[in-house]
Every structure is written in structure tokens, then in C-alpha cells.
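Report on the structure
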Amino acid sequence: MTYEDDFKVFWQHVEESIKEGTFAKLTMAKTIGKPELKNIFLRPIYGDDGFKVLLKYSFRPKDTEDIEEEMTLVEALPIIKSHLKTFFLTVLLFTTEKDVTFKINKKGIGTLTEGYPTFKNVTQA
């Protein structure tokens, strides 16, 4: 199984958490090297016009301002995928029911692990 296959399973967890209203946050972490881009976050925005996310790029140099964009989950997926294995090796999904971690190892193999929830409530962006 390739990491892409495991990521599809991971993304199903993301979609399910949104449908259930338990999605709290998604974070890309464990950078490759020391790029200026430190993290990418997705925060939920539940509104009358449907579910959206606030995508935030966080940078290492403190003088570089973070970039935030509001978008749909469908629009966020290719951005997240494009940063996998190029800038980040880990993606963490935080829900109010469980935390799900997707990791890519040095051999390019993906793994999924579940843990106890970090968040008790959903906080909107």
C-alpha cells in the first residue's frame, strides 16, 4: 500500500468528522529540512452557506506574516496533498471524538494511528 492509499483513508476520517460536526482542527507538521513554511492549519467555519475551512500558512521567520484563506474542503485537499512528502511528513486530525495521525516514513510508506481526543469542543475560526 502506498502512502497515497493511506492518505485517502485519512481524508475519509476528515470528511466523516465534518459530517458529524466533530472536526476541530487539522495540522500539517514535521517539516522536511528547515523551510520557511512551519505549519499549515485548517480550522472549521460552520455557517449558513455550508462548511468551509480557514487555511492558515504559518512561517518560521517571525517577521513573515501568516497567510489565511477561507475555502471549501474540496479546495483545501489539493493544497494539503501538494505539501505531503515535499514539505511535511505528518498530518494530524483533531476531532472531539479522537485524534488521527497520518505519517509518511523515510521509505515513503504511510501509517495511520488513532488516539484520545485533544479537543473537547469545536472552536470555529
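Residues numbered from 1 in each chain as written. Predicted model: local features only at pLDDT ≥ 70, side-chain atom pairs only at ≥ 80, totals over all residues. Heavy atoms only, no water.

This part takes up the pairing of strand 3 (residues 50-59). For strand 3, the buried fraction is high: 7 of the 10 residues fall into the buried class. With 10 bridges joining them, strand 2 (residues 37-47) and strand 3 adopt antiparallel strand pairing. Paired with phenylalanine 41 across the strands is lysine 56, a residue of strand 3. By the bridge criterion, 5 bridges tie strand 3 to strand 4 (residues 67-71) in an arrangement that is antiparallel. Bridge assignment links valine 53 to a residue of strand 4, and that residue is methionine 71. (Buried < 20%, exposed > 50% of the residue type's maximum accessible area, 1.4 Å probe, protein only. Helix = DSSP H or I, 4+ residues; strand = E, 2+ residues; numbered from the N terminus. Pairing = 2+ DSSP bridges.)

In this section: a negative patch on the surface. On the surface, a cluster of negative charge is contributed by Glu15, Glu16, Glu20 and Glu97. If you trace the backbone, glutamate 15 turns up in helix 1 (residues 3-20). With a relative accessible area of 36%, glutamate 15 lands in the partly exposed category. (Patch = residues over 30% accessible without salt bridge, like charges linked within 9 Å, V, L, I, M, F, W, Y side chains within 5 Å. Areas by Shrake-Rupley, 256 points an atom, 1.4 Å probe, with all protein chains shown as cover. Salt bridge = Lys/Arg side-chain N within 4 Å of Asp/Glu carboxyl O. Lys, Arg positive; Asp, Glu negative; His and termini not counted. Charge placed at Lys NZ, Arg CZ, Asp CG, Glu CD.)

By themselves, these are just geometric observations and shouldn't be taken as functional.
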